[in-house]
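Structural overview
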Amino acid sequence: MHPIALTARPLQLEVGDPLVIVGALALFLVIATVWSMVEIVDAYNRGALTVFGEYRKLLEPGLNVVPPFVSRVYTFDMRTQTIDVPSQEAITRDNSPVTADAVVYIRVMDAKRAFLEVDNYRRAVSNLAQTTLRAVIGDMELDDTLSRREMINERIRHELDEPTDEWGIRVESVEVREVTPSRDVKGAMEKQTSAERKRRAMILEAQGERRSAVEKAEGDKQSNIIRAQGEKQSQILEAQGDAISTVLRARSAESMGERAVIDKGMDALTDIGQSESTTFVLPQELSSMVGRYGKHLSGSDVQADGTDLESLEFDEETRELIGLDDISEMIGEIEDADVDVEAMEAEAQAIKEGEDVSDSPDDTVGTNR
């Protein structure tokens, strides 16, 4: 028997070979299966998993394994979302047409309820906000819709809270962006505003004129009072000046009269001294004034028979007028001067011996009052 020789030949696969096709299909199936089993959820999302259309659970953020080919995942954004409410035409309670739009801020609090209780929660919230906005504005007057935005926002949010809670949605805030009256209403409001401004301007102008008139009258009153007080003070000062002038003139005349009397009296004494009579009769007024001058010059009253003559003191003005202070100063200078008394006596004796003396030594001079 001859031995049989066995030789191994390499396996050669061709493109059209059925084995290649089956292997490729198997590899594709494995890759698709793995891809279908892996579900990645972002950190800000939640995923609702359904298997054969049946809700199973919520997928947490990260890598999740789900049944392949028979499961679906619906993702929900858990962040605050903004929904623009389209402009809505509404009629206020006082029959004024306006147009308003708003924005609503919402957040998904329960992804399961948002998935099971409502179809497209964003559209549902937007439609509900539109109808609520029209209802709230229709229940208010035009002035309130323009000035009380905070109240409108609060009422809309309160109206949206209850239905959205059932959907697992929380309405965080509502902001009315603009409330625009119709063109006719806006023109009427502009006219009303213009008239109100004119009225206020007229009131302010009238108040300013009244205040100006009051202040002017008050100023004239004060000016008249000050002028009257000035005139009164001027008259008082003028009258006081006239009185003082009259008194000074009277005192000056009195002093001048006294001086004239004294001068006349001295002249009369000179004439009497040249006569042969040894008895002189002086008026009381002259003796009083002589006494006053004598008291001022000598410091004592003139005495007759041991009796002081009554004399009056000169006041300061009279003293200055008749020059008594000057006379006292001259006498003081004479007293202070160094005078040779013996020489003066000798000179006087010589003059006396050379004159004819007619008067006897027994003659005396007296004064009768």
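Residues numbered from 1 in each chain as written. Predicted model: local features only at pLDDT ≥ 70, side-chain atom pairs only at ≥ 80, totals over all residues. Heavy atoms only, no water.

1. What about the pattern of salt bridges?
As a reminder of what qualifies: A pairing counts as a salt bridge when a side-chain nitrogen of Lys or Arg comes within 4 Å of a carboxyl oxygen of Asp or Glu. By definition, any uninterrupted DSSP run of H or I lasting at least four residues is a helix, any uninterrupted run of E lasting at least two residues is a strand, and each is numbered from the N terminus.
Counted by the stated rule, this structure contains twelve salt bridges. A salt bridge links Glu196 to Arg200, with the nearest nitrogen and oxygen atoms 3.2 Å apart. Taken together, the residues Glu196 and Arg200, both in helix H6 (residues 183-274) and four residues apart, mark about one turn of the helix. In this structure, a network of salt bridges that share partners links the residues Asp84, Asp101 and Arg177.

2. Thoughts on the environment of Ala129
Rules: Note on definitions: a residue-residue contact is assigned when non-hydrogen atoms from the two residues lie within 4.5 Å.
In this structure, Ala129 sits in helix H3 (residues 121-138). Considered as a pair, Ala129 and Val103 are 26 residues apart in the sequence and their alpha carbons are 8.9 Å apart. In contact with Ala129, not counting residues within four places along its chain, are Val85, Val104 and Leu160.

3. Topic: a nonpolar patch on the surface
Formally: Note that patches include only residues with greater than 30% relative accessible area and no salt bridge, and the join distances are 9 Å for like charges and 5 Å for nonpolar side chains (Val, Leu, Ile, Met, Phe, Trp, Tyr). Here the accessible surface of atoms and residues is derived via Shrake-Rupley with a 1.4 Å probe, and residues count as covered only by protein chains that are part of the display.
Residues Val30, Val34, Val38, Ile40 and Leu63 make up a contiguous nonpolar surface patch of roughly 480 Å² in combined accessible area. Of all the secondary-structure elements, those providing two or more residues to the nonpolar patch are helix H1 (18-37) and strand E1 (38-41).

4. Re the sheet that holds strand E7 (residues 97-108)
For clarity, the cut-off: When DSSP finds two or more bridges between two strands, those strands count as paired. To get an axis, fit a line to the C-alpha atoms, keeping to the stretch in contact for a helix; angles then go from 0 to 180 degrees between the N-to-C directions.
An order of E6-E7-E8 is seen for the three strands of this open sheet, with the pairing classed as antiparallel. Of all strands in the sheet, those with a lone pairing partner are strand E6 (81-91) and strand E8 (169-181), marking the two edges. This sheet shows a mean twist of 20 degrees between the axes of neighbouring strands, independent of strand direction. Pairing between E6 and E7: nine bridges, direction antiparallel. When the sheet's bridge partners are listed, Glu89 is paired in E7 with Thr99. Those strands touched by helix H5 (residues 149-166) are E7 and E8, and its axis lies near 140 degrees from that of E8.

5. Quick word on H5
Basically, it comes down to this: A helix is expected to reach a length of 1.5 Å times the quantity of its residues less one. Working definition for bend: take the seven residues up to and ending at a residue and the seven starting at it, fit an axis to each, and measure the angle between the axes. Relative accessible area decides the class of each residue, using a 1.4 Å probe on protein chains only: under 20% of the type maximum gives buried, over 50% gives exposed, and in between gives partly exposed.
The terminal C-alpha atoms of H5 lie 27 Å apart, and with 18 residues this matches the ideal 26 Å at 1.5 Å per residue to within 8%. Along its length, H5 shows its largest kink, about 30 degrees, at Leu160, and proline Pro163 lies within four residues downstream of that point. Listing the buried residues of H5 in full gives Ile152, Asn153, Ile156, Leu160, Asp161 and Thr164. Its buried side turned inward, H5 meets E7, H3, helix H4 (142-147) and E8.

6. Overview of the pairing of strand E2 (residues 45-51)
Among the seven residues that make up E2, six are buried, leaving the element largely enclosed by the rest of the structure. As defined by bridge partners, E2 adjoins strand E3 (residues 54-59) across five bridges and the pair is classed as antiparallel. Within E3, the residue paired with Leu49 across the bridge is Lys57. What sits between E2 and E3 in their antiparallel hairpin is a turn of two residues, with Phe52 showing a positive phi close to 55 degrees.

7. Some points on the UniProt feature "transmembrane region" (unreviewed entry) in the chain
To keep it simple, the criterion reads: UniProt positions are given in the numbering used here, feature names are shortened, and annotations may be inferred rather than shown by experiment.
The positions that UniProt labels "transmembrane region" (unreviewed entry) are, in the present scheme, residues 20-38. For residues 20-38, the helix share is 95%, the strand share is 5%, and the end-to-end C-alpha distance is 28 Å.

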